[in-house]
There are 2 protein chains.
Amino acid sequence: MTNKLNLNNLTKSEEDYLKALFQLLIEDGATKVGNNQLAEYLKVSPASTNNMVKKLKTKGYVVSEKYGKLDLTEEGKPIAVRLIRKHRLWETFLCNYLNFTWDEVHDVAEQLEHIKSQKLIDELDRFMDFPQKDPHGEIIPNADGEYFVLPKITLSSLEEGDTCQLVAVNDGSVTFLKYVSEIGLALSSEIKIVEIREFDKSIRIEFNNAIETVTKKFADNVFVKKLV
Amino acid sequence: MTNKLNLNNLTKSEEDYLKALFQLLIEDGATKVGNNQLAEYLKVSPASTNNMVKKLKTKGYVVSEKYGKLDLTEEGKPIAVRLIRKHRLWETFLCNYLNFTWDEVHDVAEQLEHIKSQKLIDELDRFMDFPQKDPHGEIIPNADGEYFVLPKITLSSLEEGDTCQLVAVNDGSVTFLKYVSEIGLALSSEIKIVEIREFDKSIRIEFNNAIETVTKKFADNVFVKKLV
DNA sequence: TTAATTTGTTAGTCATAGCTAACTTTTTTA
DNA sequence: TAAAAAAGTTAGCTATGACTAACAAATTAA
Ligand SMILES: [Mn+2]
Ligand SMILES: [Mn+2]
Ligand SMILES: [Mn+2]
Ligand SMILES: [Mn+2]
């Protein structure tokens, strides 16, 4: 009913702010998101964010009280979800058809997600036979805008003796992703926590019949499903 | 030797101006291109063009004397060719893999041609097995930046009794392209000029064992190869 | 419960890339 | 060859989206 034809006449910047706010609100599971937090996430100044938030409020995509926290409206959310859908579909295309590695796709997808064409993205989805997950293990929102959050259990949250399966990785850092590949980890890898060292919280893990030591920082960026 | 690694840090606008100038100079076979001509082609004001030309001159991509005609430098040309390559490869991808019709691809390709990733375009080329022509019959420049101009003989330039083959169409207008398809013409169609009416230069053509009458304006946008 | 710190806002600046209006130079036409 | 027309330039304006510096409000710590 309230589903008015979305003209999609938002700028790249407006789209990026909406997506970032959504990711802080939903993905990273923050209860409240402040202006400066959003600024830091987007690597712009608090003044720039304040300015854009004002604009997005008048357009009806964001709500907040003066000096208060930010939230997306019911009009703002689907815009963010569509961007995430586009981003993840392009990443999948680049990996599965154009020989990109998972550390190469994010930056190009950041550009491609802003291409304006409904048909383009729907056809890309069909062409790839409606993939469910992107190269980093994240769930791709479907054409209806349904968004499912992958439970984000980090490798660092497990205890000695636990066994788990790698379900996703944080796709933000190229060096991190290269590192993950280099030591032989990939989606679906089975990992056992051998030991957590008290001194520096470094973790000895076993996978592929080999043992590696990783830092807590590394383990914070690896998402797993605990096995029984 | 002078082939310094091109950082490709041009804006979308700068790219569009260089491409437009190239198309006026090379494709449309104009001997000289003026400021206002470029402005009209890009649908911006002469003042805007003057401004951008100034910028592109200081960057070394364009040359001109005050009140004189515009030309591209040896640094400017390959940038334009790369854009045309990207544009036509994307159009081909959209048509051949994503179920776009030839009247739907141009606008989306205008956006996609500005995506910055050398790997993306080279891999797209490889994925499609190095296509030679785009959906409108235009030659796609190769990865080495070699540009071949298709001889632009218009259907309107032929005489009564001549026979020809459709090799390309002007891709600028959606309604024109739809019209071409609707009457049953396509790349490689064989066409015979049955009659050219003196009164309004309208042309009766025969193809697929049927006869159609088209205007001179229509025939100006159809490019052919004359058959013996 | 006051002071310090953090968070958010405002004002003013800059770059890019459009625009119109006015002006100058060049070219064409009478 | 002088006037008119066309082409090119300049000045000054606008919008977007960055920035810094200064300030105000809210939160946290002393
Ligand atoms: Mn990504
Ligand atoms: Mn983006
Ligand atoms: Mn085109
Ligand atoms: Mn373009």
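Structure: above.
Summarised in this report is the structure supplied together with it. A quick note: this is a predicted structure, and the numbers were derived from the prediction, not measured.

Regarding the protein's contact with DNA strand D
- Near DNA strand D, the surroundings consist of 21 residues, among which A:T11, A:S45, A:S48, A:K55 and B:N50 are the closest.
- For DNA strand D, the fraction of atoms within 4 Å of the protein that belong to sugar or phosphate moieties is 76%.
- Within the side chain of A:Y67, an N or O atom sits 3.4 Å from a sugar or linking oxygen of DNA strand D.
- Here a phosphate oxygen of DNA strand D and a backbone polar atom of B:Y67 are 3.0 Å apart.
- Mapped onto the surface near DNA strand D, the elements with two or more residues apiece are α1 (12-27) and α3 (46-58) of chain A together with α2 (35-42) and α3 (46-58) of chain B.
- Taken together, the residues that form the surface near DNA strand D break down as 8 nonpolar, 8 polar and 5 charged.

With respect to the interface of chain B and chain A
- At the interface, 21 residues of chain B touch 21 residues of chain A.
- Taken together, the two surfaces of chain B and chain A that pack against each other cover about 1,700 Å², and 68% of this comes from carbon and sulfur.
- It is B:L98, B:Q111 and B:K119 in chain B that bury the most area against chain A; as a group they hold 26% of the surface buried on that side.
- Where chain B packs against chain A, one counts 2 salt bridges.
- B:K119 is the partner of A:E104 in a salt bridge, and the nearest nitrogen-oxygen pair spans 3.1 Å.
- The interface formed by chain B and chain A includes 10 residue pairs in polar contact (both at pLDDT 80 or more).
- Elements with a contribution of two residues or more to the side of chain B that touches chain A: α4 (76-97), α5 (105-112) and α6 (118-127) of chain B.
- Counting residues per element, the side of chain B that touches chain A draws most heavily on α6(B), which supplies 6 residues.
- When grouped by side-chain class, the residues that make up the side of chain B that touches chain A number 12 nonpolar, 4 polar and 5 charged.

Section: the protein's contact with DNA strand C
- Not every one of the 21 residues close to DNA strand C is listed here, only the nearest: A:N36, A:N50, B:T11, B:S48 and B:K55.
- When the atoms of DNA strand C within 4 Å of the protein are sorted by group, sugar and phosphate make up 77%.
- A distance of 3.0 Å separates a phosphate oxygen of DNA strand C from a polar atom in the side chain of B:S13.
- At 2.8 Å, a backbone N or O of B:S45 approaches a phosphate oxygen of DNA strand C.
- Where the surface near DNA strand C is concerned, the elements lending two or more residues are α2 (35-42) and α3 of chain A together with α1 (12-27) and α3 of chain B.
- Partitioned by chemical class, the residues of the surface near DNA strand C number 8 nonpolar, 8 polar and 5 charged.

Some words on the packing of aromatic side chains
- The full count for this structure, using the stated rule, is 21 aromatic pairs over all chains.
- Considering the side-chain rings of A:Y97 and A:F127, the 5.1 Å spacing of their centres and the 45° angle between planes classify their relative orientation as tilted. Placement of the pair is A:Y97 in helix α4 (residues 76-97) and A:F127 in helix α6 (residues 118-127), with a sequence separation of 30 residues.
- Since its relative accessible area comes to 24%, A:Y97 is described here as partly exposed.
- Arranged with centres 6.1 Å apart and planes meeting at 90°, the rings of A:F127 and B:F127 form a pair that is edge-to-face. Taken as a pair, A:F127 in helix α6 and B:F127 in helix α6 lie in two separate chains rather than in one.
- Taken together, the ring pairs in this structure connect A:W90, A:F93, A:Y97, A:F127, B:W90, B:F93, B:Y97 and B:F127 into an aromatic cluster.
- The ring of B:F100 carries the charged tip of A:K119 above its face, separated from the ring centre by 5.2 Å.
- The ring of A:F223 is capped by A:K152, whose NZ or CZ atom sits 5.0 Å from the centre of that ring.

What counts and how
- Residues numbered from 1 in each chain as written.
- Chains lettered and ligands numbered in written order.
- Predicted model: local features only at pLDDT ≥ 70, side-chain atom pairs only at ≥ 80, totals over all residues.
- Heavy atoms only, no water.
- Near = heavy atom within 4 Å.
- Polar contact = N/O pair within 3.5 Å; in protein donor to acceptor, adjacent residues only side chain to side chain.
- Helix = DSSP H or I, 4+ residues; strand = E, 2+ residues; numbered from the N terminus.
- Nonpolar A, V, L, I, M, F, W, Y, C, P; charged D, E, K, R; others polar.
- Contact = heavy atoms within 4.5 Å.
- Buried area = accessible area lost by both parts, 1.4 Å probe.
- Salt bridge = Lys/Arg side-chain N within 4 Å of Asp/Glu carboxyl O.
- Phe/Tyr/Trp six-rings, centres within 6.5 Å; stacked < 30°, edge-to-face > 60°.
- Buried < 20%, exposed > 50% of the residue type's maximum accessible area, 1.4 Å probe, protein only.
- Lys NZ or Arg CZ within 6 Å of the ring centre and 35° of its normal.

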